[in-house]
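Each chain, written out:
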Amino acid sequence: MARFYVKKNDKWNIFSSIADGFLYSDFMPFEELQAVVIGETVVDKMKDLGTLLTSSPRLNTMSYEEAEEHIRARRLADAYEEGDECGRCFGASFNDCERCRGLVQDPDCQWT
């Protein structure tokens, strides 16, 4: 729903393009409008956050393992793009040097 903030004689209201009208019967001072809009946002966010405790969250979620994999992939891509690969880490045994350790999981490496 598109909302438009409308100012009239130093007071405010919100026009809704869905309802083709104002959301509030009276225009209000900016501070009051601000409190109303922030209150709506907080209520909406509280509802969204509450869905995290259900089987159908309305917010994006991922597992801890997936987040860790994204972090490792980003570090690896950054190191490669910056030309920081040391040769040892990207050769036969991935995690030989201290700087690159953990960027790539190596099942034979004692460090990962």
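This is a predicted model, so every value here is computed, not measured.

So, how was this worked out
- Residues numbered from 1 in each chain as written.
- Predicted model: local features only at pLDDT ≥ 70, side-chain atom pairs only at ≥ 80, totals over all residues.
- Heavy atoms only, no water.
- Helix = DSSP H or I, 4+ residues; strand = E, 2+ residues; numbered from the N terminus.
- Buried < 20%, exposed > 50% of the residue type's maximum accessible area, 1.4 Å probe, protein only.
- Contact = heavy atoms within 4.5 Å.
- Areas by Shrake-Rupley, 256 points an atom, 1.4 Å probe, with all protein chains shown as cover.
- Patch = residues over 30% accessible without salt bridge, like charges linked within 9 Å, V, L, I, M, F, W, Y side chains within 5 Å.
- Salt bridge = Lys/Arg side-chain N within 4 Å of Asp/Glu carboxyl O.
- Pairing = 2+ DSSP bridges.
- pLDDT = per-residue confidence, 0-100.
- Axes fitted to C-alpha atoms, helices over the stretch in contact; angles between N-to-C directions.

1. Observations concerning the overall build of the protein chain
Here comes step 1: Check the secondary structure of the protein chain and you find two helices and three strands.
Here comes step 2: Walking the protein chain from its N terminus toward its C terminus, one meets helices and strands in the order β-β-β-α-α.
Here comes step 3: Looking at the protein chain as a whole, 17% of its 112 residues are labelled buried.
Here comes step 4: Long-range pairs, those at least 24 residues apart, make up 10% of the contacts in the protein chain with a sequence separation of at least 6.
Here comes step 5: Accessible area for the protein chain stands at about 8,600 Å²; split by element, carbon and sulfur atoms hold 54% of it.

2. Some points on a nonpolar patch on the surface
Here comes step 1: Taken together, the side chains of Ile38, Val42, Met46, Leu49, Leu52 and Leu53 present a nonpolar region at the surface, about 620 Å² in accessible area.
Here comes step 2: Within the secondary structure, Ile38 sits in helix H1 (residues 30-50).

3. So, the pairing of strand E2 (residues 11-16)
Here comes step 1: Where strand E1 (residues 3-8) and E2 come together, six bridges link them in antiparallel fashion. The partner of Phe4 across the bridge, within E2, is Phe15.
Here comes step 2: The turn linking E1 back onto E2 is made up of two residues, and Asn9 within it adopts a positive phi angle of 50 degrees.
Here comes step 3: Judged from the two bridges that link them, E2 and strand E3 (residues 21-22) form a sheet pairing that is antiparallel. When the sheet's bridge partners are listed, Ser16 is paired in E3 with Gly21.
Here comes step 4: Joining the antiparallel neighbours E2 and E3 is a turn of four residues, in which Asp20 adopts a positive phi near 50 degrees.

4. Let's talk about the confidence of the model for the protein chain
Here comes step 1: Mean pLDDT over the protein chain stands at 81; residues scoring 70 or higher make up 69%.
Here comes step 2: Taken as a whole, residues 87-94 scores under 50 in pLDDT and shows 14 contacts with residues more than four places along the chain or in a different chain.

5. Quick notes on the sheet that holds E2
Here comes step 1: Spatially, three strands are ordered E1-E2-E3 in an open sheet, and the strand pairing comes out antiparallel. The sheet is open, and its two borders are formed by E1 and E3, each paired with just one other strand.
Here comes step 2: Packing of H1 onto the sheet brings it into contact with E1 and E2, and relative to E2 it is tilted by some 40 degrees.

6. Points about the environment of Pro29
Here comes step 1: Structurally, Pro29 can be placed in the loop between E3 and H1.
Here comes step 2: A sequence separation of 18 residues divides Pro29 from Lys11, and the C-alpha atoms of the two residues are 4.7 Å apart.
Here comes step 3: Setting aside its immediate chain neighbours within four residues, Pro29 contacts Lys11 and Trp12.

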